[in-house]
Amino acid sequence: MASTERILVREETLDPSFLPPKLPHRETELGLLSRRYREALSKGIAFHLLVTGGVGSGKTALVKRLSADLERGGRLGEYPVRATYVNCWRRASDRTVMLDLLRSVGTSLPDRGYSLSEMLDVFEQGVRRAPAHHLVVLDEASALVRQGTKLVYLLSRSREVGLGSISLVLVAVEDLLVYLDPASRSSFGVTHRLSLEPYDREALTGILAARAALALRAGSFDEEILDQIARIATASGDARFALELLANAARAAEDDRAPALAAEHVRRAKGSILPTVSEAQLEELSTNELGVLLALCRSLRRAGGSVPSQKLRATHASLLEEFGATPMSRTTFWRTLKELERDGLVGLETGGEGESSRVAMDELPATVLSGLLEERLGRSRRRKT
Ligand SMILES: Nc1ncnc2c1ncn2[C@@H]1O[C@H](COP(=O)(O)OP(=O)(O)OP(=O)(O)O)[C@@H](O)[C@H]1O
Ligand SMILES: [Mg+2]
């Protein structure tokens, strides 16, 4: 069923730089922050915030969404909100960050010859020319803060500029409080800290569904595929990884001229992003394990992301017959599955009673693995005879 229709109809919406209009599973955090900012800024009081959380937990998306929503929300008290976003990863010095801030208020200074507090004065002049509540977002602030920044202190204590306020948002993977001087630390009291938990499987599925609806042609994906991707990304709770898998799987499906994403495309996508099962690892496996894995590959080629263990056992039994091997007991079969799970080669989902669970394999395209396994099994069979 060759299809010439594109699947990635709006590819740019899967790009890391795309800011989605809605952030499923971060709506509570977004609402809370939005309320706190509105409350403080409408009274003319600055509000400083430290956002932490693991890689891909949505920190950048959250603070960018917050900034954009506040900017669009109109005046708070007397002034509108103006946000400046600086990624500090490559600008890990107060001066380079300050130069970015100056540019954001339409001024510039030569890189040399000015002290930090002189630069801050010029920044405040800029703020006066365009009266607003300034939200200064310093993303990836770890290196900056660890180097003993003075900018955080200066900005969080910035004198009443008379016209509006300056609020600081620090974003980092780790907790930065320990690296701050006591005065700055007190600006980030308990209500001024937000720590994002890694996404769980349900959240990742929701995020994937929202982004797939934006980026992919309707009808080119189903819930099972999104759930398969979410299952793979749950270990890290990283939304970026999940979205990368989605994009790569969609590309793999397009390469195949398939009308829709299939489990095999997801496995191929994973293989292209992460180093997966190596041949050396396969060499380590017992003949029992190889057989069960091969049966799994064969069932998955037909069945999708996972198969019920009962079904797998039936496929395995006929495989053993094909290879002229002795049948395997239920207990041995189950123990072998557990061993494969321990080696990280299969995923087991217990549906209450052990036997009624499902077995998944996300490591490698089943077609590739089948080839490797058939070769291995064939070899060991030849050795025996
Ligand atoms: N709740 C969400 N809804 C929709 N998309 C999301 C959500 N959370 C994260 N994303 C998307 O996942 C990707 C990673 O998120 P983001 O860049 O915000 O993570 P991060 O916590 O800043 O990671 P890092 O520490 O690596 O900078 C982005 O493409 C972002 O748009
Ligand atoms: Mg980020």
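Residues numbered from 1 in each chain as written. Chains lettered and ligands numbered in written order. Predicted model: local features only at pLDDT ≥ 70, side-chain atom pairs only at ≥ 80, totals over all residues.

Engineer: Describe the site of ligand 1, with residues and values.
Structural biologist: With respect to spatial proximity, 20 residues lie near ligand 1, and among them Gly-58, Lys-59, Thr-60, Ala-61 and Ala-239 are the closest. When residues of the shell around ligand 1 are traced back to their parent elements, those giving at least two are α2 (59–72), α8 (201–215) and α10 (239–255). For the shell around ligand 1, the residue count by class is eleven nonpolar, six polar and three charged. Both of domain 1 (27–196) and domain 2 (199–273) provide at least three residues apiece to the shell around ligand 1. (Near = placed C-beta within 6 Å. Helix = DSSP H or I, 4+ residues; strand = E, 2+ residues; numbered from the N terminus. Nonpolar A, V, L, I, M, F, W, Y, C, P; charged D, E, K, R; others polar. Domains from an automatic or database assignment.)

Engineer: Go over the packing of α8 against helix α9 (residues 223–233) with me, naming the residues and quoting the values.
Structural biologist: Closest axis-to-axis distance for the α8/α9 pair is 8 Å, and the angle between their directions is 130°. Classified by the interaxial angle, the pair formed by α8 and α9 is oblique. The chirality of how α8 crosses α9 is right-handed. Of α9, the residues touching α8 (which contributes Arg-201, Leu-204, Thr-205, Leu-208, Ala-209 and Ala-212) are Leu-226, Asp-227, Ile-229, Ala-230, Arg-231 and Ala-233. In the contact of α8 with α9, the residues fall into eight nonpolar, one polar and three charged. (Axes fitted to C-alpha atoms, helices over the stretch in contact; angles between N-to-C directions. Parallel < 35°, antiparallel > 145°, perpendicular 65-115°, else oblique. Left-handed = near helix turned anticlockwise from the far one by under 90°. Contact = placed C-beta atoms within 7 Å.)

Engineer: Would you mind going over the nonpolar core in detail, with residue names and values included?
Structural biologist: Counting residues in each nonpolar core, the largest one holds 55 residues, and the members touching the most others are Ile-229, Ala-242, Leu-245, Leu-246, Ala-249 and Leu-296. Breaking this core down by element, the ones donating at least two residues are α8, α9, α10, α11 (263–273), α13 (287–303), α15 (330–342), β8 (353–360) and α16 (366–384). The leading source of residues in this core is α10, at eleven residues. Mapped onto the domain boundaries, this core takes at least three residues apiece from domain 2 (199–273) and domain 3 (279–384). In terms of nonpolar packing, the next biggest core, distinct from the first, is built from 46 residues, Met-98, Leu-138, Val-145 and Leu-180 among them. (Core = buried A, V, L, I, M, F, W, Y, C linked by C-beta atoms within 7 Å. Buried ≥ 20, exposed ≤ 12 C-beta atoms within 10 Å, placed from the backbone.)

Engineer: For the confidence of the model for the protein chain, give the residues involved together with the corresponding values.
Structural biologist: Looking at the protein chain, pLDDT values average 87 and 91% of them are 70 or higher. Across the protein chain, the secondary-structure element scoring lowest on mean pLDDT is α16, at 67, and the one scoring highest is α8, at 97. (pLDDT = per-residue confidence, 0-100.)

Engineer: Can you tell me about the sheet that holds strand β5 (residues 193–196), naming the residues and giving the values?
Structural biologist: Across a sheet, paired strands are connected by hydrogen bonds in the backbone, their directions being either parallel or antiparallel. Here five strands make up an open sheet; going across it, the order is β2-β3-β4-β1-β5 and the pairing parallel. Both outer strands of the open sheet, β2 (81–87) and β5, are each paired with one neighbouring strand and no more. Across the sheet, the axes of successive neighbouring strands diverge by a mean angle of 15°, strand direction being ignored. Sheet topology note: the strand β1 (residues 49–53)/strand β4 (residues 166–172) ladder contains four bridges and is parallel. The residue of β4 that forms the bridge with Val-51 is Val-171. (Pairing = 2+ DSSP bridges.)

Engineer: Just give me the short version of the domain arrangement of the protein chain, but keep the residues and values in it.
Structural biologist: According to the domain assignment, the protein chain consists of domain 1 (27–196), domain 2 (199–273) and domain 3 (279–384). Placing the centre of domain 1 and that of domain 3 at their C-alpha centroids yields a distance of 54 Å.

Engineer: Tell me what's going on with α15, and back it up with residues and numbers.
Structural biologist: For α15, with 13 residues, the first-to-last C-alpha span of 18 Å sits near the 18 Å given by 1.5 Å per residue. Restricting attention to buried positions, one finds in α15 the residues Phe-333, Thr-336, Leu-337 and Leu-340. For α15, the angular spread of the buried residues around the axis is 100°, confining them to a single face. Exposed positions of α15 whose direction lies more than 90 degrees from the buried face are Thr-331 and Arg-342. Backbone geometry just after α15 places Gly-344 at a positive phi near 75°. (Expected span 1.5 Å × (residues − 1). Arc of directions from axis to C-beta.)

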